[in-house]
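# Observations on chain architecture
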Amino acid sequence: MFFTNDNHDPSSKGAASTRTLPLLPLRDIIVFPHMVVPLFVGREKSISALEEAMEADKELLLAAQKKAKTNDPREEDIFGVGTVGHIIQLLRLPDGTVKVLVEGKQRARILGYEQTSPFFLAEIQEIDEPDDRTVELQALMRSIQTVFENYVKLNKRIPPEFLVSVQTIEDPARLADTIVAQVSLKLKDKQEILETISPAKRLERLYELMQAEIEILQVEKKIRTRVKKQMEKSQKEYYLNEQMQAIQKELGDRDEFKNELNELEHKIKQKPMTSEARERCLKEFKKLKMMSPMSAEATVVRNYIDWILALPWEDKSEDREDLAEAEKILEADHYGLTKVKERILEYLAVQTLVDRLKGPILCLVGPPGVGKTSLARSIARATGRKFVRQSLGGVRDEAEIRGHRRTYIGALPGKVIQSLKKVGTNNPVFLLDEIDKMSQDFRGDPASALLEVLDPEQNDTFNDHYLDLDYDLSDVMFITTANTQHQIPLPLQDRLEIIELPGYTEWEKIAIAKQYLIPKQREANGVAKIDVTFTDETLRTIIHRYTKEAGVRNFEREIATCCRKIAKDWLLGGKDAKKTYEVTPDMLEDYLGVEKHRSTKKEEENEIGLANGLAVTMHGGDLLPGEVTVLPGKGKLTLTGKLGDVMQESAQAAVSYIRSRAQSLGLRRDFQTKVDIHVHFPEGAIPKDGPSAGITMATAITSALLRIPVRQDIAMSGEITLRGRVLPVGGIKEKILAAHRAEVYTVLIPAECEKDLKEIPERVMEEMTIHPVAHMDEVLKLALAHNDPDSFLVEPTEVLDWRIALTDGPEESASSEDSGVVERPPAH
């Protein structure tokens, strides 16, 4: 933008003399000086003004009306500044109108009107334009000429020759008047420029208006180009289609659409399907024949018929009847997992004996990496069926299961029907993965939609919203997987046959590594031809020090890392074919880096206030030591270690039990008013919850209060009640395996959990001593390192010699009185 320093007052411009000229009111046009323009005049007043001018010196004033619709303008309806024009030619037309060619000469200001009838006769003052050329004005003129050049390129109505004439104009006033006459501007903008006397200010305003017009023209050009391309594409496609149809007719072919309809009708008649589906197909086909092939509705109907014809209504694969072969396949693919394998073999056995058996609906529940998904593939191989998988993680729309209704644009069947079309048979092994990861929102609850799919009593008439037909899913073998059972909705759990995969033991992981993982990773990393071996101790170190999981996924990654290191070493070492590699525990730090995990180990010496609990995590079982410290105080119980609500309540129950047994334990009745108890479980960043640490906390608190150490070669798990009963808990197998890993070979478990010991491998049980306990008294006798466990607990009415009387007396020590704990003889 350019600005001038011209402070000239326009009111001071002009000659001192005035003139009187006829006035011609103009509609929707401004005539500028140096502008030649033809005008068509039809109003009587205007024609009279022209006649008066022709009789005089052919000059008149050309001024624009403020509103073009005003047929009989008054003085106030006409702008106060106009242009003195000279009539070049006047021609009367047969219809009574006059065509006149006028040339603008000079700006003039209307001072007043001497008459308004029969024509306007105005007193005017001609305006002289200042001539104050500066360097800044020259720069502004060049900018205007450049902008106008861009404008001409965008506006094809201005001939390029006109641009050449504009480039030769040196007078700034004439340059502005010449250009503004060619630019498409609003009437008020042109009048504003006409009334601007200073050429510099006139050029500045014109520059602003032209820049805005150029932006508009650029947008218009983009729109025109885009529309033109779209039209050309559509016309090209139409032309080519017409050519194709003409060629086909010349070759003697019938109309393509009719050929397609005949082919479609033949497919409907030949395709095996239910009577309901065939009736619906024929009905839709009848509608399709009456439609135009280019209509949108015809496409919808055609897609619907295609979907029905593509489904495997009665196409089935034969089940494998050789149970020995099926068992061989299952054993070859997976180690262990006895329950699942037995259930599949049972299904195949019954399928062989009966004509029709509804497919089982199994739910494999277990932590990540235990082989749930791969097991489903093995089941498909063992049964001789095709396999299809659908992940449900993050699915929150009911239409993903049941499809959309055909009324919606782009509607499709649900994932169940889509998967059956993809697999091509009506009895595949259908894996619904991560069924516990579904959620719901305003679009519906997919878990509720699965109730019909996974119910053997209902899924023979599964109705998809898109098809709106009953489809038989009873031959499909549905297998679902989940990491946690409690996240599956209860109505859905009721329809599933839950099989838990608790995770692999240390020996199972070593066997899996030798049979499956090491050969697989040797092949994958190009060291299959190199002699590579892993010792059992090496695998055990990787399991405990570099992974912490129930499955073998990370275990396999670490083995793959070792194989890659060996591949690199072999290539750099000269590719010696006879070179052998035995991976030992000492080499793991070079291959895998520093140890990532530490195993919880028992303490070597018996400790006061420290008891070994057992817990189940997503990685399997683990040793969970609990610490207790007794401090002088007023009975406050502090619990730390990120304990959940259930675990906190178990600690309170343990303290209440000890208070109820205070006299039997040799404690004062009011001992809790003299001490504070702090219970802590290490690894405070890890959340812990559940009731199974109840007897662990009770044992540790009792030990801290009585100053008797807890045996560190014992671990325990069980829920405690206020009466001291030990209630059953879950995860016994994982907990005993965790104790065995931590080299704790004596475990206390609830008596009602003795039945769960059958699931523990025999080689583990041979090294373990299991004590089923029914009451907390039994736990204390076994866990506390007292020299006479049998006489440890007495009835409240009996006080042994080595206990101090519970009544206050001078013989009690100050420390005992402060702590509320009686002194006891040394323990071993």
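Fair warning: this is a prediction, and the values are worked out from it, not measured in the lab. (Residues numbered from 1 in each chain as written. Predicted model: local features only at pLDDT ≥ 70, side-chain atom pairs only at ≥ 80, totals over all residues. Heavy atoms only, no water.)

Going through the model one piece at a time under the given rule, you end up with 40 salt bridges. Among the salt bridges present, the one from Glu 51 reaches Arg 92, with a minimum N-O distance of 3.0 Å. Taken together, the positions of Glu 51 in helix H1 (residues 44-55) and Arg 92 in strand S4 (residues 81-92) put the pair 41 residues apart, joining distant regions of the chain. Between Asp 455 and Arg 495 there is a salt bridge whose closest N-O contact spans 3.4 Å. You can see Asp 455 sitting in the loop between helix H15 (446-453) and strand S10 (462-463) and its partner Arg 495 sitting in the loop between helix H16 (490-493) and strand S13 (497-500), a full 40 residues away along the chain. Classification of Arg 495 by relative accessible area gives partly exposed; the value is 24%. Among the ionic contacts, a cluster of salt bridges with common partners joins Arg 19, Asp 57, Glu 59 and Glu 126. (Salt bridge = Lys/Arg side-chain N within 4 Å of Asp/Glu carboxyl O. Helix = DSSP H or I, 4+ residues; strand = E, 2+ residues; numbered from the N terminus. Buried < 20%, exposed > 50% of the residue type's maximum accessible area, 1.4 Å probe, protein only.)

For the rest of this paragraph, the subject is a nonpolar patch on the surface. Nonpolar side chains collect at one region of the surface, where Val 219, Ile 223, Val 227 and Met 231 lie side by side and expose about 330 Å² of accessible area between them. Here Val 219 lies in helix H6 (residues 199-250). Assessed through its relative accessible area of 46%, Val 219 is described here as partly exposed. (Patch = residues over 30% accessible without salt bridge, like charges linked within 9 Å, V, L, I, M, F, W, Y side chains within 5 Å. Areas by Shrake-Rupley, 256 points an atom, 1.4 Å probe, with all protein chains shown as cover.)

A word on the environment of Asp 171. Along the chain, the position of Asp 171 falls in the loop between helix H3 (160-167) and helix H4 (172-180). Sequence separation of Asp 171 and Leu 311 is 140 residues, and the distance between their C-alpha atoms is 83 Å. Leaving out residues up to four positions away in the same chain, Asp 171 has contacts with Arg 133 and Met 141. (Contact = heavy atoms within 4.5 Å.)

Right, let's talk about the environment of Arg 725 for a bit. Mapped onto the fold, Arg 725 is located in the loop between strand S21 (719-720) and strand S22 (726-727). A relative accessible area of 37% places Arg 725 in the partly exposed class. Residues Arg 725 and Gly 644, 81 residues apart in the sequence, show an inter-C-alpha distance of 22 Å. Here Arg 725 is in contact with Glu 719, Ile 720, Ala 774 and His 775, once residues within four sequence places are set aside.

The next point concerns the pairing of strand S17 (residues 620-632). Where strand S16 (residues 610-617) lies against S17, eight bridges are found, and the strand directions are antiparallel. Bridge pairing in S17 places Leu 614 opposite Leu 623. Hairpin geometry of S16 and S17 is characterised by an intervening segment of two residues between the two adjacent antiparallel strands. Pairing of S17 with strand S19 (residues 675-680), which is carried by six bridges, proceeds in the antiparallel orientation. Across the sheet, residue Thr 629 finds its bridge partner in S19, namely His 678. (Pairing = 2+ DSSP bridges.)

Relative to each other, helix H17 (residues 506-524) and helix H18 (residues 536-546) sit at 110°, their axes nearing to 10 Å. Of the possible angle classes, the one that applies to H17 and H18 is roughly perpendicular. Two packed elements cross with a definite hand, and for H17 against H18 that hand is right-handed. Along its contact with H17, which presents Glu 506, Lys 509, Ile 510, Ala 513, Lys 514 and Ile 518, the element H18 presents Asp 536, Leu 539, Arg 540, Ile 543 and His 544. Across the contact of H17 with H18, the residue classes tally to five nonpolar, one polar and five charged. (Axes fitted to C-alpha atoms, helices over the stretch in contact; angles between N-to-C directions. Parallel < 35°, antiparallel > 145°, perpendicular 65-115°, else oblique. Left-handed = near helix turned anticlockwise from the far one by under 90°. Nonpolar A, V, L, I, M, F, W, Y, C, P; charged D, E, K, R; others polar.)

Taken together, the side chains of Glu 603, Glu 604, Glu 605, Glu 607, Glu 627 and Glu 743 make up a negatively charged region of the molecular surface. Within the secondary structure, Glu 603 sits in the loop between helix H20 (588-592) and S16. (Lys, Arg positive; Asp, Glu negative; His and termini not counted. Charge placed at Lys NZ, Arg CZ, Asp CG, Glu CD.)

Mapped onto the fold, Asn 459 is located in the loop between H15 and S10. Relative accessible area serves as the criterion here: at 2%, Asn 459 is assigned to the buried category. Contact partners of Asn 459, with chain neighbours within four places excluded, come to Ile 361, Glu 452, Val 453, Tyr 471, Asp 472, Leu 473, Ser 474 and Phe 478.

Moving on: the pairing of strand S5 (residues 98-115). With six bridges joining them, strand S2 (residues 36-41) and S5 adopt antiparallel strand pairing. Following the sheet pairing, Pro 38 is matched in S5 by Leu 101. As defined by bridge partners, S4 adjoins S5 across 11 bridges and the pair is classed as antiparallel. Residue pairing for S5: Gln 89 is matched across the bridge by Leu 101. Turn length for the S4-S5 hairpin, with the two strands adjacent in sequence and antiparallel, is five residues, and the turn residue Gly 96 shows positive phi of about 95°. Pairing geometry for S5 and strand S6 (residues 120-126), over six bridges, is antiparallel. Counted as the bridge partner of Tyr 113 is Ala 122 from S6.

All chains considered together, the criterion is met by six aromatic pairs. Consider the rings of Phe 148 and Phe 162, whose centres lie 6.1 Å apart with planes at 70°: the pair is edge-to-face. Of the two residues, Phe 148 is situated in helix H2 (residues 135-154) and Phe 162 in helix H3; the sequence distance between them amounts to 14 residues. Note on accessibility: Phe 148 and Phe 162 belong to one class, buried. Here the aromatic residues Phe 148, Tyr 151 and Phe 162 are joined through ring pairs into a cluster of three or more. Just above the ring of Tyr 304 sits the side chain of Arg 406; from NZ or CZ to the centre is 3.8 Å. (Phe/Tyr/Trp six-rings, centres within 6.5 Å; stacked < 30°, edge-to-face > 60°. Lys NZ or Arg CZ within 6 Å of the ring centre and 35° of its normal.)

The periodicity of an α-helix, 3.6 residues per turn, causes residues three or four places apart in sequence to face the same way. Here helix H9 (residues 296-310) is 15 residues long and its end C-alpha atoms lie 21 Å apart, about the 21 Å a rise of 1.5 Å per residue gives. Of all the positions in H9, only Ala 298, Val 301, Tyr 304, Ile 305, Trp 307, Ile 308 and Leu 309 are classed as buried. (Expected span 1.5 Å × (residues − 1).)

A word on the confidence of the model for the protein. On average, the protein scores 83 in pLDDT, and the residues at 70 or more come to 91%. Contacts from residues 1-16, a stretch scored under 50 in pLDDT, to residues over four places away or in other chains number 30 contacts. Across residues 796-828, where pLDDT falls below 50, the model places 61 contacts with residues more than four positions away in sequence or in other chains. (pLDDT = per-residue confidence, 0-100.)

Turning next to helix H12 (residues 372-383). Taking 1.5 Å per residue, 12 residues should reach 16 Å; H12 reaches 17 Å between its end C-alpha atoms and fits that length. Listed in full, the buried residues belonging to H12 are Lys 372, Leu 375, Ala 376, Ser 378, Ile 379, Ala 380, Ala 382 and Thr 383. Contacts made by the buried residues of H12 are with helix H10 (323-333), helix H11 (338-353), strand S7 (361-365), strand S8 (387-391), strand S9 (429-433) and strand S12 (477-482). Two residues or fewer past H12, Gly 384 is found with a positive phi of approximately 75°.

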